[in-house]
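# A structural walkthrough
Spelled out, the chains give:
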Amino acid sequence: MSDHKTKVSRRQALRAALAGLAAPLANASGAVAAGVPVSAGAAPAALQSDRVPEWVLTTSQGTLRISALSERALRVRFLPTQSPAQVAPPSLALLPNRTAPLMTQAPGTAVTRLELPGIRGEMDHATGALRFLDRHGAVLLGEAAGTRRLTPSQLGEEPVFIAEQGFDSPADERLYGTGCFQDGAMDLRGLPRRLTQVNTQISLPFMLSSRGYGLLWHNNGMAELNTPEQRVALNRVNAESKAEVVDVTTTAGNAQVVRNVTRFEGSFRTDTAGRFAFLLDVGRPMGSRHSVEIDGKSCIEMANPWLPPTVGFVVELPAGEHRVLVQADEHDAPSLQFGAVQARTTWRSPVADAIDYVVIAGPSADEVMAGYREISGATPVMPRWAYGYIHCRERFHSSEEIVDTLREFRRRKLPVDVMVQDWQYWGRHGWNAMRFDEDHYPDPAALVRDVHGLKGRLMLSVWARIARDTELGRSAAAGGHYIDQTDWVDFFNPKSAAFYWNNQRDRLLKLGIDAWWQDATEPENDDLAGRRTAAGRGERVRLAYPWHVTRTVYEGQRQALPDQRVMIMTRSAFPGQQRHASATWSGDIGNDWDTLKRQIPAGLNMSAAGYAYWTVDAGGFFRPGDGQYTDTAYHERLIRWFQYATFLPLQRVHGYMTNTEFWRYGDRVEAVARQYLELRYRLLPYLYSVAHEVHAKGSPIMRPLVFDFPDDPQALDQAHSYLFGRALHVAPVVAPQASTWPVYLPQSAGGWVDFWTGERRAGGRTHDVASPLERIPLHLRAGSILPLGPVLQSTADATGEVLDLYVVPGRDGAFDLYEDGGLDYAYERGALSVVRMTWDDRRGVLRLSSRTGRFAGMRTTQRLRIHRFGDGQPALQSTPLREVVYTGRAIEVQLVQQQRQRAANTSRNTLARAVAEPKS
């Protein structure tokens, strides 16, 4: 009864406020633009214009602010009446100092409309709920009426609010994003997730909908998605535990720990049959093994030395009583929440000052990402060598090891660009002292010169944690640069961030280091919870730490070396961090088939969350120990891992306590690895052009199928295949001993062509595709134009002199071939070139436009070998139909007549032979 009265009173208050605004709304928003809040029942003064950047409504429950961020993006904030924060604090995710566009107010008796060219917001006067429409008037998203909640709470002595907002989600909607999670889910509709930053989990509170919108939940603290409200009481079972010894990495180095698997049991009841959502929390900052069975059926099973502490899943259940078995570590205190899946998506922040979210209208996924890029910032183009092979292991032990290994790559003709020195090179100087141990690295600057002399680059691991007992740590402590009671540098404090970068610059950058591996930037184990930082309590900013670390390094290097591109690899991320040239990876994962399978939706959901650069430890970080070098079962997994990595934004391997070089696994592994290394380097003209599209438009490299096939429901449900750029469909093999693999090819005019065989296949169907161990299922979409370069051993050898262009007939198509200097930031000032290529399928004509732009060192001519692909011949074995010299001027190349002439010549030759040969 009291809840009903509360809802009624809120509705009455809203109506009263809107009644007071009704008359002046058509012309009165100038006071709002000037920052004057509008009170219920008090009409603002008449104003000159009804076009404003912000609309404000104040009721007895709080103040609603709707701001225009761009022509397709609106920001919604609801602040409690007692909140002093009427002005939004600086945003990390959103670009500062942007000029807000003006939106048009269109008041009505039932609805108030706020209109921009690409999006329209509507306030329902009866319910107070907002909804958002695209430029065509189609509804994209609506708040669920009555779900806007700000609940007073406490963070220690500090008053805060629990912010919660529900959104309607119809049954045909698919939702993607929120970052890199290990639960294996692709479609997040109804799925519970707790967004924390931990090893193997990257939390980005951004979602992309198949309905054509993006939503940023704008809060720096922990976020929760679709948290179920009911709990299952779990009881520890006094049964014999299963002990196991595992090798792990810790903030103090490698270690062995004993873990015991323990049983927890419980029961619950469902009154109806249907889909039910569950959230398991192991009760500690990190987990290692957990599984859930309901009525004897496995629902989730995960094991790894490091696991996120929470995992969500959805299962179908009948009505009635259900038994639960949870298996976890003996030190865990698991809890299990559940509830029926609803036609609603609910975001919640337990530590907040306001409800704060941003809606970006498409309706296409690419338009959503372009809108996100506009308000959140562009992703820089990485240095050209970053798109080659990156070789990691845990770890190299000396300068000599690094240089000898690089020489062996060169001797064996295995392409590589980047050698990575992982942690502990600091040796006797202590943890992350930003010094090399001279006993093993006598001259680090000479090491870098030697790597450069072999046409390689050096990436170095540098942590955000500095041991207090080091010389550098003592200086950090004396300057007050640590987060309370930790060894993590307080990057929220500008002085501490400057201290950190000044030392990284003076101790390491000066050696010539090319790239940075900023490890453990979560910080590890969600360590901000319960801490104090320069930005306040850690709970307020616990997702944002990696943003501050990468900004420190990116901006620092750009100032120190303004013409050298920054490349950062880091283990965690936050919205807006993409503008810091920081790639991510999925952390310290295992090597088994199930882990490999889970990485595909994990990476695709990074792309859907607006973060283009992501990769994996190919082969798994935790590997099978010394037996891996002779274990043929592991060799099969390693090959499949590496095939997948070839079609990621960054191609790399890594491995715990492992010498990861391919030749150590025998001739077959080395041979297949060579095949995919060479293919990666041949793909560089294509991949580099796609990378420029990331920068210029915000479109990702790994493309979930919702980007290109939003009207194909079966494509929307594919969790283990994707497009690499717009041309290549990739379907990694994720099971042992596969000779064929089921591949759903989306509905697409003209169909698809098998890259390896040239066989043409129809879209809208699942095909059994031949997939022997050396072959990953790979298809080219009809209408594609795929530029391939020559096999290289290093990107330093790339000249661009000769390109093979593979045209796939069946529909019209286009591709923009992009080039620049590859190493500097001149492209930001327009020093780049683009050649627009278009394929006219009816005429059989490939047209190359005049080259636009130029840059220092650009080739003025290129030899182009043009292939018509899809006539039953493997791509890499096809013979060019035409060869032309492109000088930068527009040309047209006719392919159909050439093909017909060749067919006619073949027919005449066959007839001549038949006439000449005597009959038997």
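Let me begin by describing the structure that accompanies this report. Because the structure is predicted, anything quoted here is derived from the model rather than measured.

### Describing the overall build of the chain
The secondary structure content of the chain amounts to 15 helices and 54 strands. Residues counted as buried form 61% of the 920 residues belonging to the chain. Sequence separation of 24 or more characterises 70% of the internal contacts of the chain that already satisfy a separation of 6 or more.

### Details of the pairing of strand 11 (residues 158–168)
For strand 11, the tally of buried residues reaches eight of eleven residues, placing the bulk of the element in the interior. The turn linking strand 10 (residues 149–155) back onto strand 11 is made up of two residues, and Gly-156 within it adopts a positive phi angle of 65°. Across seven bridges, strand 11 lies against strand 27 (residues 344–352) in antiparallel orientation. Counted as the bridge partner of Phe-167 is Thr-345 from strand 27.

### Describing the pairing of strand 48 (residues 802–807)
Taking burial as the measure, the six residues of strand 48 include six buried ones, the bulk of the element. Of the two faces of strand 48, the one lined by Val-802, Asp-804 and Tyr-806 and the one lined by Leu-803, Leu-805 and Val-807 are each fully buried. Relative to strand 48, strand 47 (residues 785–788) runs antiparallel, the two sharing four bridges. Along strand 48, the bridge assignment pairs Ile-785 with Val-807. Of the strand pairs in this sheet, strand 48 and strand 52 (residues 862–868) are connected by six bridges, and their pairing is parallel. Opposite Val-807, over in strand 52, you have Arg-868 as the bridge partner.

### Focus: the sheet that holds strand 41 (residues 728–730)
Ordered in space as 39-40-41-46-43-44, the six strands form an open sheet in which the pairing is antiparallel. Where the open sheet ends on each side, the last strands, each with one partner, are strand 39 (702–703) and strand 44 (760–761). Sheet topology places strand 41 next to strand 46 (residues 778–781); three bridges connect them, and they run antiparallel. When the bridges of strand 46 are listed, His-729 appears paired with His-779.

### Remarks on the environment of Leu-133
With respect to the secondary-structure elements, Leu-133 resides in strand 8 (residues 130–134). Separated by 15 residues in the primary sequence, Leu-133 and Gly-118 place their C-alpha atoms 8.6 Å from one another.

### Remarks on the environment of Ala-691
With respect to the element layout, Ala-691 can be found in helix 13 (residues 684–697). Using a relative accessible area of 0% as the deciding quantity, one classes Ala-691 as buried. It is 9.0 Å that separates the C-alpha atoms of Ala-691 and Ala-612, two residues lying 79 residues apart in sequence.

### Side note on the nonpolar core
If you look at soluble globular proteins, the nonpolar side chains tend to sit buried side by side. Counting 196 residues, the largest nonpolar core has Trp-614, Phe-642, Phe-647 and Tyr-722 as the members making the most contacts within it. With near-sequence residues (within four places) excluded, Phe-642 lies in contact with Tyr-389, Ala-618, Gln-651, Val-653, Phe-662, Ala-673, Tyr-676 and Leu-677. Core analysis: the next-biggest nonpolar cluster, separate from the first, contains 39 residues, Leu-191, Tyr-213, Leu-215 and Ala-352 among them.

### Overview of the sheet that holds strand 53 (residues 882–886)
The four strands are arranged 47-48-52-53 in an open sheet whose pairing can be described as mixed. Both edges of this open sheet fall to strand 47 and strand 53, since each of them pairs with a single strand only. The mean inter-strand angle of the sheet, taken between neighbouring strand axes irrespective of direction, is 25°. Pairing geometry for strand 52 and strand 53, over five bridges, is antiparallel. Looking at strand 53, one finds that Arg-863 is bridged to Val-885.

### Side note on the side chain of Arg-537
With respect to the helices, strands and loops of the structure, Arg-537 is situated in strand 34 (residues 536–537). Relative accessible area serves as the criterion here: at 15%, Arg-537 is assigned to the buried category. When near neighbours in sequence (up to four residues on either side) are disregarded, Arg-537 contacts Leu-155, Gly-156, Glu-158, Arg-531 and Arg-532.

### Side note on the side chain of Ser-399
As for its placement among the helices and strands, Ser-399 is situated in helix 4 (residues 399–411). By relative accessible area, Ser-399 is classed as buried at 11%. Once residues within four sequence positions are removed from consideration, Ser-399 is found in contact with His-440, Tyr-441, Pro-442 and Leu-447.

Procedures and definitions
- Residues numbered from 1 in each chain as written.
- Predicted model: local features only at pLDDT ≥ 70, side-chain atom pairs only at ≥ 80, totals over all residues.
- Heavy atoms only, no water.
- Helix = DSSP H or I, 4+ residues; strand = E, 2+ residues; numbered from the N terminus.
- Buried < 20%, exposed > 50% of the residue type's maximum accessible area, 1.4 Å probe, protein only.
- Contact = heavy atoms within 4.5 Å.
- Pairing = 2+ DSSP bridges.
- Core = buried A, V, L, I, M, F, W, Y, C linked by side-chain atoms within 4.5 Å.
- Axes fitted to C-alpha atoms, helices over the stretch in contact; angles between N-to-C directions.

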